[in-house]
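In case you want the letters, here they are:
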Amino acid sequence: MSLKALKGFKDILPSDVATWQRIEATAREIFHRYGFTEIRVPILEKTGLFVRSIGEATDIVEKEMYTFEDRNGSSITMRPEGTASVLRAFIEHNLHLLQPIQRLYTIGPMFRHERPQKGRLRQFHQMSVEVLGADQPMVDSELMAMAWQLLTELGLKVSLEINSLGCPECRPAYNKALLDFVCERSDQLCEDCQRRRQTNPLRILDCKNEECREQYKGVPELPDHLCAACEDHFAEVKRLLALLEIPFKVNAFMVRGLDYYTRTTFELITTDLGAQSAVGAGGRYDGLVAQLGGPKNMPGIGFAVGMERLALLIQQNEMGEEPTPLDLFIAALGDEARDLAFKLMQACRKSGLKTAMDPAGRSLKNQMKQAGKSQARYTFIFGEDELANNKAILRNMVNKEQQEIPLSGTPDAWCDNISEKLK
Ligand code: HAM
């Protein structure tokens, strides 16, 4: 029986790693420009952390978590997202005492037992950012601007959809209006919506069933039912986005799959990934820190982008990245030459040249072929005759010109000569 990776768990192969590194390096650089610092949190947490934050009646908690008993019988879960863990760490280490506003980011694998498809995995990676301690609409718009900048710098075109989910003041009245509307159509609704009426009314808006969607035409919309404070907040977020010239669309049906959101929510959407349209998503969660036992009045907002989806989009655009060519290939013939070539390779690598040689010591013809395949700019060639004459050949692989390089001193000295010629 051949051993394969688990379904929904993927290797990131060497040909893809350059794209991943570019995504991560671009993100880190932008996050730093916006004042974020990195935090690294564990992959395993107590199950209760996710139940209390993401919400008992969400798909993630009901059906998707990798939850099991630890050897001592306690229930633990492989994190399905980053926000809950970052907030747990923020509270546990009293980070709010260090700075009134904390800007944190974390990068790493998350785990959800979903049905795998293009852009949807069971182990996937997020770059997740959180701002704790600021409730001003400027922060909401600034975060969306940062996400927008990241995707633009990666060369991706997405659209930004925003919504406001209100607060504990206005949500109950909206839920009532929604349920009254739904009640009148209850016999035509799918089983999931019947259940959502009891457990999580807002999720009704997110139903993918065509018949339900038909029924929900004319449903009361959340942005029309906000209290004055939430309405002002949302208006200011929109004004500031327009001020920064970031295009957006209000999507009153966007409710998000996690229960902790209040007020602003947003998604960055692409049409290039089939069903998996969200490249990134987030929103405000003003009550969550207190709900997890942290300080009262500690507002928060954040978002996460999915790295697999970014990598897919970039590779769709660019057809992957070419591996960088070699500076130097060393073709050596004979045992003595091979030992010297091995030392020379080390010296060249130390001095900053991307260098390779043939570990199998095949024929010169074969080694030259290898040099060509690895797109080496130069090949350094020597065997017994060259060692006897104290001269090797440096061949420019582009214009095919050759020059002699003296083999005096140690391979370190040869390397200095070669580096000089390669400048
Ligand atoms: P989320 O919408 O569940 O939000 O996930 C954010 C992003 O992670 C998605 O837009 C998508 O790109 C990626 N993603 C989610 N599930 C998968 C999957 N199964 N396979 C591949 N990519 C996936 C959150 O996780 C929130 N914690 C975001 C946040 C941070 N809100 C506030 N702060």
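Predicted model only: the values in this text are computed from it and were never measured. (Residues numbered from 1 in each chain as written. Predicted model: local features only at pLDDT ≥ 70, side-chain atom pairs only at ≥ 80, totals over all residues. Heavy atoms only, no water.)

(A) Just the overall build of the protein, in detail. Along its length, the protein carries 15 helices and 16 strands. Taken over the C-alpha trace, the protein has a radius of gyration of 29 Å; the compact-globule value for 423 residues is 22 Å, which it surpasses by more than 25%. For the protein, long-range pairs separated by at least 24 residues make up 70% of all intrachain contacts whose partners lie at least 6 apart in sequence. A total of about 21,500 Å² of accessible surface is found on the protein, and carbon and sulfur atoms cover 51% of it. (Helix = DSSP H or I, 4+ residues; strand = E, 2+ residues; numbered from the N terminus. Rg over C-alpha atoms; globule rule 2.2 N^0.38 Å. Contact = heavy atoms within 4.5 Å. Areas by Shrake-Rupley, 256 points an atom, 1.4 Å probe, with all protein chains shown as cover.)

(B) Structural detail: the site of the ligand. The ligand sits among 28 residues. The nearest are E81, E114, E130, R256 and Y261. Between L121 and the ligand, the recorded distance is 2.8 Å, taken from a backbone N or O atom to a nitrogen atom. Out of a free accessible area of 660 Å², the ligand has 96% covered by protein chains. Considering each element in turn, the shell around the ligand owes the most residues, six residues, to strand β10 (residues 278–284). Taken together, the residues of the shell around the ligand sort by class into twelve nonpolar, nine polar and seven charged. (Near = heavy atom within 4 Å. Polar contact = N/O pair within 3.5 Å; in protein donor to acceptor, adjacent residues only side chain to side chain. Nonpolar A, V, L, I, M, F, W, Y, C, P; charged D, E, K, R; others polar.)

(C) Seen up close, the packing of helix α2 (residues 47–54) against helix α4 (residues 83–92). Interaxial distance between α2 and α4 falls to 10 Å at its minimum, and their mutual angle equals 110°. Classified by the angle their axes make, α2 and α4 are roughly perpendicular. The segment α2 lies against α4, with L49, F50 and S53 engaging A84, S85 and R88. Residues of the contact of α2 with α4, tallied by class, amount to three nonpolar, two polar and one charged. (Axes fitted to C-alpha atoms, helices over the stretch in contact; angles between N-to-C directions. Parallel < 35°, antiparallel > 145°, perpendicular 65-115°, else oblique.)

(D) Highlighting the domain arrangement of the protein. Domain boundaries in the protein define domain 1 (14–170 + 226–318) and domain 2 (328–418). Computed over C-alpha atoms, the centres of domain 1 and domain 2 are 51 Å apart. (Domains from an automatic or database assignment.)

(E) The arrangement of the pattern of salt bridges in detail. Evaluated as defined, the whole model comprises 24 salt bridges. As a salt-bridge pair, D206 and K208 come within 3.3 Å of each other at their nearest N and O atoms. For K208, a relative accessible area of 60% translates into the label exposed. (Salt bridge = Lys/Arg side-chain N within 4 Å of Asp/Glu carboxyl O. Buried < 20%, exposed > 50% of the residue type's maximum accessible area, 1.4 Å probe, protein only.)

(F) Structural context of the sheet that holds strand β3 (residues 66–69). Pairing is antiparallel across the open sheet formed by three strands, whose spatial order is β2-β4-β3. Only two strands of the sheet have a single partner each, and these edge strands are β2 (44–46) and β3. Sheet twist, expressed as the average angle between the axes of neighbouring strands with direction ignored, equals 35°. As paired strands, β2 and strand β4 (residues 75–78) are joined by three bridges and run antiparallel to one another. Note on β4: the bridge partner recorded for E45 is T77. Here α2 sits on the sheet in contact with β2, β3 and β4, set at roughly 75° to β2. (Pairing = 2+ DSSP bridges.)

(G) Structural view of the pairing of strand β12 (residues 328–332). Counting buried residues along β12, five of its five residues qualify, which places the element largely inside the surrounding structure. In the sheet, β12 pairs with strand β13 (residues 355–357) via three bridges, with the strands oriented parallel. Its bridge partner being in β13, F329 is matched across the sheet by A356. For the crossover that starts at β12, traverses helix α12 (residues 335–350) and ends in the parallel β13, the hand is right-handed. Bridge count for β12 against strand β14 (residues 378–382) is five bridges, and the pairing is parallel. Paired with L328 across the strands is Y378, a residue of β14. (Right-handed = clockwise from strand over helix to strand, strands pointing away.)

(H) Region of interest: the sheet that holds strand β1 (residues 37–38). One open sheet accounts for eight strands, arranged β1-β5-β6-β11-β10-β9-β7-β8; its pairing is mixed. For this open sheet the edge positions go to β1 and β8 (249–250), each flanked by a neighbour on one side alone. Strand direction decides the pairing type here: strand β5 (residues 102–111) and strand β6 (residues 123–132), joined by ten bridges, are antiparallel. Its bridge partner being in β6, Q102 is matched across the sheet by L132. Lying on the sheet, helix α5 (residues 137–153) is in contact with β5, β6, β7 (159–164), β9 (262–269), β10 and β11 (300–306); it crosses β11 at an angle near 15°.

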